[in-house]
Amino acid sequence: MFNPLKMAGDLKGMEKMLKPALEKFMKESGFVKQAELEKLKQRVGELEKKLADLG
């Protein structure tokens, strides 16, 4: 018989196993999280502004 609660638990367990492997793969293959990319873009903008002010 189909038990949705057991299936939900199984999915949660699979997520716990796969998440670290996926994060490792993404780091090694060059993928970047959107939040990290936005922080880096903001930092580059700040540094460019400082350089413009100096020159």
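Our subject in this report is the structure included herewith. (Residues numbered from 1 in each chain as written. Predicted model: local features only at pLDDT ≥ 70, side-chain atom pairs only at ≥ 80, totals over all residues. Heavy atoms only, no water.)

What to know about the overall build of the chain
Check the secondary structure of the chain and you find two helices and zero strands. With the C-alpha coordinates of the chain rotated into their principal frame, the extents come out at 75 × 20 × 10 Å. By residue count, 0% of the 55 residues in the chain fall in the buried class. A total accessible area of about 5,600 Å² is found for the chain, and carbon and sulfur atoms account for 66% of it. For the chain, the distance from the average site of its 12 positive side-chain charges to the average site of its 9 negative ones is 5 Å. (Helix = DSSP H or I, 4+ residues; strand = E, 2+ residues; numbered from the N terminus. Buried < 20%, exposed > 50% of the residue type's maximum accessible area, 1.4 Å probe, protein only. Areas by Shrake-Rupley, 256 points an atom, 1.4 Å probe, with all protein chains shown as cover. Lys, Arg positive; Asp, Glu negative; His and termini not counted. Charge placed at Lys NZ, Arg CZ, Asp CG, Glu CD.)

A look at the pattern of salt bridges
In the structure shown here, the tally under the stated rule is four salt bridges. The closest approach of N and O atoms between D10 and K6, which form a salt bridge, is 3.7 Å. You can see D10 and its partner K6 sitting in helix α1 (residues 4-29), four residues apart, about one turn around the helix. On the basis of relative accessible area, D10 is assigned to the partly exposed category, the value being 42%. Across the pair D53 and K49 runs a salt bridge, and its minimum N-O distance is 3.8 Å. Placement of the pair is D53 and K49 together in helix α2 (residues 34-54), with a separation of four residues, close to one helical turn. Taken as a pair, D53 and K49 share a single burial class, namely exposed. (Salt bridge = Lys/Arg side-chain N within 4 Å of Asp/Glu carboxyl O.)

Function cannot be read off these values alone, since they describe shape.
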